[in-house]
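What follows is each chain in one-letter form.
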Amino acid sequence: MPTNRHLVALDLDGTLLTDQKEISTYTKSIVQQAMKEGHIVVIATGRPHRASISYYDQLGLDTPMVNFNGALIHHPTDHKWDVLHTPLPNRTAKKIIQTCYDFEVENIFAEIKDNMYLDRFDQQFLDIFTEPEQEDLITVGSLKNHLAEDPTSLLIHPKAHHVEELRKYLDDKHASIIEHRKWGVPWDIIEVVRKGINKAVGLKKIAHYYHIPVENIIAFGDEDNDLEMIEFAGVGVSMGNAIDELTKISNYQTKTNEEDGIGNFLADYLKLGSNPEISK
């Protein structure tokens, strides 16, 4: 175990993954070299477990994972690990769903861990958020009727001209109970989770578990759901393709997700690039 062991937190989309949703060979080799030298690598993503586990396996991880932006913190290979699942109250979710109906949104997608609920059938939506082998996890139909448990998150696909109006309404009516973020996939999506939930919550729990001090936490991100994590980490790194708000609060900026930003930074910061097994 290195005396200066670091915890490395990797966002997926726009960060670890290229625009083709792949991990580049170079970045993968650098991340795995960091692991060989005793550093702890974790995935911290807005994605659910089912859409993250393939990348977890590709890297050969054996660590906890942060999903749903912190609403689910668990260990995929150690079921004795203390899982933290913090869903939305179902009553609040139903009020938000009714608001979405009033705004005549394009669709609403709810998730309870890996179980999925889609308000209206939409093949393009299913193609983006699910895999063919996951069809048995999907319930299609009115969420007001089918959603019986507290959801881990809600994804809202609003009409483009309603995005900011809907977000303001959520702030005005539900700010004490929920957090919401906007991202594109390829359309604008508003993600809703319980108040106080963000990736930094997961990072704190994992850092405590491994006894890693804050100054030895390296976190990479590109979007507004990475803000708290980048601000919390002793070494907050924004990608070259990150939003301006994230770049302003980060300690460092690296290259883009298309230019091996993570691999380049870790090779330099953790002095991994001199290893003869690694070549760019």
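Residues numbered from 1 in each chain as written. Predicted model: local features only at pLDDT ≥ 70, side-chain atom pairs only at ≥ 80, totals over all residues. Heavy atoms only, no water.

With an unreviewed UniProt entry as reference, the chain is termed Cof-type HAD-IIB family hydrolase, source organism Gracilibacillus caseinilyticus.

Caption draft 1: Structural context of the nonpolar core. Leu10, Leu16, Ile218, Phe220, Ile262 and Leu266 are the most contacted members of the largest nonpolar core, which totals 28 residues. Looking at this core, the elements that each hand over two or more residues are β1 (7–10), α1 (12–16), α2 (25–36), β2 (40–44), α3 (53–59), β12 (217–221), β13 (235–238) and α11 (261–269). In this structure leucine 10 touches Leu16, Val31, Val41, Val42, Ile43, Ala44, Leu59, Phe220 and Ile262, once residues within four positions along its chain are discounted. (Core = buried A, V, L, I, M, F, W, Y, C linked by side-chain atoms within 4.5 Å. Buried < 20%, exposed > 50% of the residue type's maximum accessible area, 1.4 Å probe, protein only. Helix = DSSP H or I, 4+ residues; strand = E, 2+ residues; numbered from the N terminus. Contact = heavy atoms within 4.5 Å.)

Caption draft 2: A look at the packing of aromatic side chains. A complete count under the given rule lists nine aromatic pairs for this structure. Geometrically, the ring pair formed by tyrosine 209 and tyrosine 210 is edge-to-face, given 4.9 Å between the ring centres and 85 degrees between the ring planes. In this structure tyrosine 210 comes out as buried when scored by relative accessible area, which is 14%. Taken together through their ring pairs, the aromatic side chains of Phe220, Tyr252, Phe265 and Tyr269 make up a single cluster. Across from the ring centre of tryptophan 81, 4.9 Å away, lies the NZ or CZ of lysine 205, which sits over that ring. (Phe/Tyr/Trp six-rings, centres within 6.5 Å; stacked < 30°, edge-to-face > 60°. Lys NZ or Arg CZ within 6 Å of the ring centre and 35° of its normal.)

Caption draft 3: Structural context of the sheet that holds β13. Across the sheet, which stays open at both edges, the eight strands sit in the order β5-β4-β3-β2-β1-β12-β13-β14 with mixed pairing between neighbours. The sheet terminates laterally at β5 (84–85) and β14 (252–253), the two strands that pair on one side only. Inspection of the sheet shows strand β4 (residues 72–74) paired to β5 by two bridges, in the antiparallel sense. Counted as the bridge partner of isoleucine 73 is leucine 84 from β5. Docked against the sheet, α11 engages β1, β12, β13 and β14, running at close to 160 degrees with respect to β12. (Pairing = 2+ DSSP bridges. Axes fitted to C-alpha atoms, helices over the stretch in contact; angles between N-to-C directions.)

Caption draft 4: Examining the environment of alanine 51 more closely. Secondary-structure assignment places alanine 51 in the loop between β2 and α3. Residues alanine 51 and threonine 130, 79 residues apart in the sequence, show an inter-C-alpha distance of 7.7 Å.

Caption draft 5: Summary view of helix α8 (residues 199–210). Compared with the 16 Å implied by 1.5 Å per residue over twelve residues, the 17 Å span of α8 between its first and last C-alpha is a close match. Buried within α8 are the following residues: Lys199, Ala200, Gly202, Leu203, Ile206, Ala207 and Tyr210. Projection of α8 onto a plane perpendicular to its axis shows the buried side chains occupying an angular sector of 155 degrees, all on one side. Contact partners of the buried residues in α8: β1, β2, β3 (65–67), β4, β12 and α9 (227–232). Just downstream of α8 lies histidine 211, where phi reads positive at about 60 degrees. (Expected span 1.5 Å × (residues − 1). Arc of directions from axis to C-beta.)

Caption draft 6: Structural context of empty space enclosed by the protein. Summed over the entire model, instances satisfying the criterion amount to two cavities of 30 Å³ or more. Put simply, the largest cavity is a space of about 60 Å³. If you go around the largest cavity, the residues you meet are Asn69, Arg181, Glu191, Val193, Ile197, Asn198, Lys199, Asn225 and Glu228. Partitioned by chemical class, the residues of the lining of the largest cavity number two nonpolar, three polar and four charged. Estimates place the volume of the second largest cavity at around 40 Å³. Thr15, Leu16, Thr18, Ser24, Thr27, Asn257, Asp260, Gly261, Ile262 and Gly263 are the residues that line the second largest cavity. Going through the elements one at a time, α1 and α11 are the ones with two or more residues in the lining of the second largest cavity. In terms of residues, the lining of the second largest cavity owes the most to one element, α11, which gives three residues. For the lining of the second largest cavity, the residue count by class is two nonpolar, seven polar and one charged. (1 Å grid on protein atoms, 1.4 Å probe; cavity = no way out; pocket = protein on both sides within 12 Å on 5 of 7 lines; lining within 4 Å. Points joined across faces, edges and corners; volume = space filled by probe spheres on them. Nonpolar A, V, L, I, M, F, W, Y, C, P; charged D, E, K, R; others polar.)

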